[in-house]
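# Chain and residue survey
Spelled out, the chains give:
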Amino acid sequence: AQSVTQPDIHITVSEGASLELRCNYSYGATPYLFWYVQSPGQGLQLLLKYFSGDTLVQGIKGFEAEFKRSQSSFNLRKPSVHWSDAAEYFCAVGAGKGSQGNLIFGKGTKLSVKP
Amino acid sequence: SQTIHQWPATLVQPVGSPLSLECTVEGTSNPNLYWYRQAAGRGLQLLFYSVGIGQISSEVPQNLSASRPQDRQFILSSKKLLLSDSGFYLCAWSSLGPNGNSPLHFGNGTRLTVT
């Protein structure tokens, strides 16, 4: 069965520093991968997605993610973090054909930004 | 453009009382619709999804139910709430792509507290 692991529950970075959030997935075929961001008390907003093609995908708000099949990873990166990036980030994998579009989510990584 | 509305934003209900949460989507037709529950530290749990009017699939046995009386309306209900029903409920929609996966688009959620 598909699964997603986000090893880091909470990360704190300084404003202006680089960021990498880790995501590992388990899936038998080529995965469909997503990163979402959630501000407190809000819904989830799609940052970026990977379906096929170039393994480095660009998203909104200056985020990017790299798909590495050999490592079963889809890590999210940003070169310079802004205070407004403080939020919770979720990695997700498509549950596959027949799943009617359901996504399997990781448990999230909470990002705090120090001034 | 497509929008998704979810209400109410917050709700406090006593144990044993009924529940009705509503979600509507605008700007798209025949969407897949989903109800997720988010509990602290546990990520997102899929409760129900629907691929069409009157078609409901349940992922988790519980005292909740869902209905889809119209193409773009999805309702989450309970006849008698339990304390364990407290959580953050998210409605989402997607357009089912040819390969069975596409991004989910979320509403802003409903914070339910059962007292």
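The rules behind each value
Residues numbered from 1 in each chain as written. Chains lettered and ligands numbered in written order. Predicted model: local features only at pLDDT ≥ 70, side-chain atom pairs only at ≥ 80, totals over all residues. Heavy atoms only, no water. Pairing = 2+ DSSP bridges. Helix = DSSP H or I, 4+ residues; strand = E, 2+ residues; numbered from the N terminus. Contact = heavy atoms within 4.5 Å. Buried area = accessible area lost by both parts, 1.4 Å probe. Salt bridge = Lys/Arg side-chain N within 4 Å of Asp/Glu carboxyl O. Polar contact = N/O pair within 3.5 Å; in protein donor to acceptor, adjacent residues only side chain to side chain. Nonpolar A, V, L, I, M, F, W, Y, C, P; charged D, E, K, R; others polar.

## Observations regarding the pairing of strand β6 (residues 44-50) of chain A
Residue and element names in this part refer to chain A.
- Taken together, the six bridges between strand β5 (residues 33-38) and β6 define a ladder with antiparallel strand orientation. Bridge pairing in β6 places Q38 opposite L44.
- Connecting the antiparallel pair β5 and β6 is a turn made up of five residues, with G41 showing a positive phi of about 75°.

## Some thoughts on the interface of chain B and chain A
- With 23 residues of chain B at the contact, the number on the chain A side is 24 residues.
- Counting each side, the surface lost to burial between chain B and chain A is near 1900 Å², with a carbon and sulfur contribution of 56%.
- Linking chain B to chain A there are zero salt bridges.
- At the boundary of chain B and chain A, one finds two residue pairs in polar contact (both at pLDDT 80 or more).
- Breaking the side of chain B that touches chain A down by element, the ones donating at least two residues are β4 (32-38), β5 (44-52) and β9 (87-94) of chain B.
- Of the residues contributing to the side of chain B that touches chain A, the split by class is twelve nonpolar, ten polar and one charged.

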